[in-house]
2 protein chains.
Amino acid sequence: MNVAIMGYGVVGSGVAEVLKKNHDSILKKSLQPSLDLKYILDIRDFPGDPNESLMIRDFNKILEDDSVRVVVETMGGLHPAFDFVSACLAAGKSVVSSNKELVAAKGDVLLQIAEEHNVNFLFEASVGGGIPILRPLSQCLAANEIYELYGILNGTTNFILTKMIDDGLDFDTVLRMAQANGYAEKDPTADVEGYDACRKICILASLIYGKHVYPEAVYTEGITGIDLADVEYAKSWGGVIKLIAMAKEVSENRISAMVCPSLVPACSQLANVNDVFNAILVRGDATGDVVFYGRGAGKLPTASAIVADIIDCCQHTRQKKSFGWKSSAENIVVDHLDQNTSLYIRASAEHTADALSAVRAAFGDVQVLSRKDAPADEIAFVTPVDTERALRTKLRTLHCIKPLSVLHIADC
Amino acid sequence: MNVAIMGYGVVGSGVAEVLKKNHDSILKKSLQPSLDLKYILDIRDFPGDPNESLMIRDFNKILEDDSVRVVVETMGGLHPAFDFVSACLAAGKSVVSSNKELVAAKGDVLLQIAEEHNVNFLFEASVGGGIPILRPLSQCLAANEIYELYGILNGTTNFILTKMIDDGLDFDTVLRMAQANGYAEKDPTADVEGYDACRKICILASLIYGKHVYPEAVYTEGITGIDLADVEYAKSWGGVIKLIAMAKEVSENRISAMVCPSLVPACSQLANVNDVFNAILVRGDATGDVVFYGRGAGKLPTASAIVADIIDCCQHTRQKKSFGWKSSAENIVVDHLDQNTSLYIRASAEHTADALSAVRAAFGDVQVLSRKDAPADEIAFVTPVDTERALRTKLRTLHCIKPLSVLHIADC
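Residues numbered from 1 in each chain as written. Chains lettered and ligands numbered in written order. Predicted model: local features only at pLDDT ≥ 70, side-chain atom pairs only at ≥ 80, totals over all residues.

Re the overall build of chain A
Then, in step 1: Counting its secondary structure elements, chain A contains 14 helices and 18 strands.
Then, in step 2: By the compact-globule yardstick of 22 Å for 412 residues, chain A fits well, its C-alpha radius of gyration being 23 Å.
Then, in step 3: Across the 412 residues in chain A, those meeting the buried criterion constitute 51%.
Then, in step 4: Counting only contacts in chain A whose residues sit at least 6 apart along the sequence, the fraction spanning at least 24 positions is 75%. (Helix = DSSP H or I, 4+ residues; strand = E, 2+ residues; numbered from the N terminus. Rg over C-alpha atoms; globule rule 2.2 N^0.38 Å. Buried ≥ 20, exposed ≤ 12 C-beta atoms within 10 Å, placed from the backbone. Contact = placed C-beta atoms within 7 Å.)

Put into structure tokens, the structure is as follows:
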């Protein structure tokens, strides 16, 4: 059986490397007589590359070669990835993808095409890099009703927040540091604004709840507004700030899903997930809390997830894997403002004592926080639980304070 | 398709409960037209039990009923479990087991019978309770060469150590507390002496390294000798004491494997695994460190792992799952004394200053530890890395000190 790779960037070249390095054990596990990399599709030249002889520029070579049974898509982006993947599936080839943008936008459509042609479309590497999460979710936890899931799904923002917490450096300084050592891209928007984490929570939620969850429907907030003052208040509250992606069943066929920087209590397993590591906490009715932890990105961790999917395709040539993920005309995500939460609020006020009295009158029993060397006009507190809409409405009526930062308290 | 359960204890009744409670979603995932519990085998009576009508005492009813395609073995113990499971597999029925004693002793034989009859023998619940670990190990991490694995695999001992660390209570007091609230059995030997963790590391090592690893070959030490003094010294060293089960490839076809109380640095993901929770850290060449965390025991978590295996059997009626675990005439486990390690040593000495000079002369650059209110005749230190044999030989030559406690330093 032959394999082709489309897109020879960091991840694609990692796949070629792992296939070569661990060839014997991979072949044994694949249950196939042979398993060879035949083509690598890329528009760029790679002179001197050990795989130079496999490089092609014409997608049709892959499409028309019946010996290629599994195609790896590591191109990224929606186009032409969507068209290439669709064509491969329709031609009876299984496809393995690490492309979270593609899966979050078109997962339902591609799974439908795969089903019609009795082939596999697998995408373990699209969430959590080297952490096995999609397969455990759909298989190992199959016996559970999963009622909520919290994840640290983006390594770049977790690295930035860890440095802010541990070294007391501000956001801009750490972002430049992350860019310098390759943990953040030149244009860091997709990471720091939460879009990357949003795509991943959509993939997880679609798998768990069986209907496509679109990124546009998920409230998404990044970490660019996080100030060192918030980091210190989080510490005095007894926790840390993490960019948390969550999904939760709120009623039959309705879920809450969002991505936002949140205060996480120190006793949570997610509080100790540092640097570029990712972790996903899954809460099931039978299994209780289960946490998966590992490297959420990187050449070899991601490649290892892709190769595991390739092996799975090889083992399931007669019988395809089944996901419950279907297209959905309706949006199953409810408005996050209607959900219950506590909020952390930092604000400025001319007369802080009066302001705190007004805060207590409005919110009830708030937990007032303190930090060393706080400006005289600063207050910070955590509200009791209420709907986010009610809490924000109350906050708007408090004219004596000016909110500087509002964060969720994560129940994980 | 029908299912039978053999053994209606805590776990077996949990399986019946989960199958009933989540019947619709389980049926959907099973890809079968029907999935019903037909028999429950037990020698006891359960008057008034909701499943009373399914109870049988004659194993042959299950064996001879062709509609029963999947049999769950939750009896525990080697006999008659081994004979019943062998007979079911030989009759072309898939078997799902949570019985770690059976799998650790006879996994190779049962997998061989399953292979000969083209059925599945699955045992996810035998390690880590509700944590998906065996399937990720054999599938998701299939692309990796796994070079080491460290686990907290026993909830009872982890509960006891957590209470000793957090509340400063001694071993005997916490053991009684654990027995009172059901976390420890009346006869706690299998847990506190490490035998339970030993069976689990044997199952994990057999799966990873492809050859049967027998419990008798694995050095196993329990936690009965752990003193509060050691807990305090571990804190001053910067870590905690955990009962660590480990397996590590040392050369082709040779592994090191053992179970012993060890000092774990606070920065390790395993250091924050508390109470009855379990966690397994897997170190692969491509994926780096991956950690799986969750409830290692309990009725519903374990039942959920079993039901996931039942679903897997239903999905793989035509094609059985493949494990690389084969019988092995030779013992692949090397002598742990030949492996490199650091040791923590607590000892008494008449003249502590002289004793520390002698310790330094023997071991070289040791790290001396201190604790509040230590007796005047007590010393504690961590040795440099050497083979355990060399370190223990040096210790025996030091006649000026009397060792009270010797623990490994875990590299996890």
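Moving on from the coordinates now.
Regarding the domain arrangement of chain A
Then, in step 1: Domains assigned within chain A are domain 1 (2–129 + 300–315), domain 2 (134–297) and domain 3 (339–409).
Then, in step 2: Placing a centre on the C-alpha atoms of domain 1 of chain A and another on those of domain 3 of chain A gives a separation of 51 Å. (Domains from an automatic or database assignment.)

Here we look at unusual backbone geometry
Then, in step 1: A cis amide bond links His79(A) to the next residue, Pro80(A), at an omega of 5°.
Then, in step 2: Within the element layout of this structure, Pro80(A) appears in the loop between β4 (68–73) and α4 (81–90).
Then, in step 3: A positive phi angle is found at Asn118(A), which is not glycine, with a value near 50°.
Then, in step 4: The topology assignment puts Asn118(A) in the loop between α5 (100–116) and β6 (121–122).
Then, in step 5: A positive phi is found at Asp373(B), a non-glycine position, where the angle reads about 60°.
Then, in step 6: Mapped onto the elements of the fold, Asp373(B) is located in the loop between β15 (367–368) and β16 (378–382).
Then, in step 7: You can call Asp373(B) exposed: it has 6 C-beta atoms within 10 Å.

Examining helix α7 (residues 155–167) of chain B
Residue and element names in this part refer to chain B.
Then, in step 1: The first and last C-alpha atoms of α7 sit 18 Å apart over 13 residues, in line with the 18 Å expected at 1.5 Å per residue.
Then, in step 2: Burial in α7 covers these residues: Gly 155, Thr 156, Thr 157, Asn 158, Phe 159, Ile 160, Leu 161, Lys 163 and Met 164.
Then, in step 3: Structurally, α7 contributes buried residues whose contacts are with β7 (146–152), α8 (171–180), α9 (189–192), α11 (228–237), β9 (239–251) and β11 (277–284). (Expected span 1.5 Å × (residues − 1).)

Side note on the interface of chain A and chain B
Accessible area lost when the parts come together is the quantity often used to give the size of an interface.
Then, in step 1: Taken residue by residue, the interface counts 45 residues in chain A and 45 residues in chain B.
Then, in step 2: Mapped by element, the contributors of at least two residues to the side of chain A that touches chain B are α2 (23–30), α6 (134–140), β12 (288–295) and α12 (299–315) of chain A.
Then, in step 3: For the side of chain A that touches chain B, a count of residues per class yields 21 nonpolar, 15 polar and nine charged.
Then, in step 4: As defined by bridge partners, β12(A) adjoins strand β12 (residues 288–295) of chain B across three bridges and the pair is classed as antiparallel. (Nonpolar A, V, L, I, M, F, W, Y, C, P; charged D, E, K, R; others polar. Pairing = 2+ DSSP bridges.)

Considering the sheet that holds β6(A)
Two pairing modes exist for strands in a sheet, parallel and antiparallel, and in both the strands are linked by backbone hydrogen bonds.
All names here are of chain A.
Then, in step 1: With respect to topology, six strands assemble into an open sheet ordered β3-β2-β1-β4-β5-β6, the strand pairing being parallel. Because the sheet does not close on itself, it has two edges, and the strands there are β3 (55–56) and β6.
Then, in step 2: Sheet topology places β4 next to strand β5 (residues 94–97); four bridges connect them, and they run parallel. The residue bridging Val 71 from the neighbouring strand is Val 95, located in β5.

Description of the nonpolar core
Then, in step 1: Judged by nonpolar contacts, the single largest core of 276 residues is most densely connected at Ile201(A), Val307(A), Ile201(B) and Val307(B).
Then, in step 2: Those residues in contact with Ile201(A), other than ones at most four positions away along the chain, are Gly151(A), Leu153(A), Val218(A), Ala245(A), Ala247(A), Ala257(A) and Val259(A). (Core = buried A, V, L, I, M, F, W, Y, C linked by C-beta atoms within 7 Å.)

Considerations on the packing of helix α7 (residues 155–167) of chain A against helix α8 (residues 171–180) of chain A
All names here are of chain A.
Then, in step 1: Interaxial distance between α7 and α8 falls to 9 Å at its minimum, and their mutual angle equals 130°. Taken together, the axis directions place α7 and α8 in an arrangement best described as oblique. The crossing of α7 and α8 is right-handed. Between α7 and α8, the contacting residues are Thr 156, Phe 159, Ile 160, Lys 163 and Met 164 on the first element and Phe 171, Val 174, Leu 175, Met 177 and Ala 178 on the second. (Axes fitted to C-alpha atoms, helices over the stretch in contact; angles between N-to-C directions. Parallel < 35°, antiparallel > 145°, perpendicular 65-115°, else oblique. Left-handed = near helix turned anticlockwise from the far one by under 90°.)

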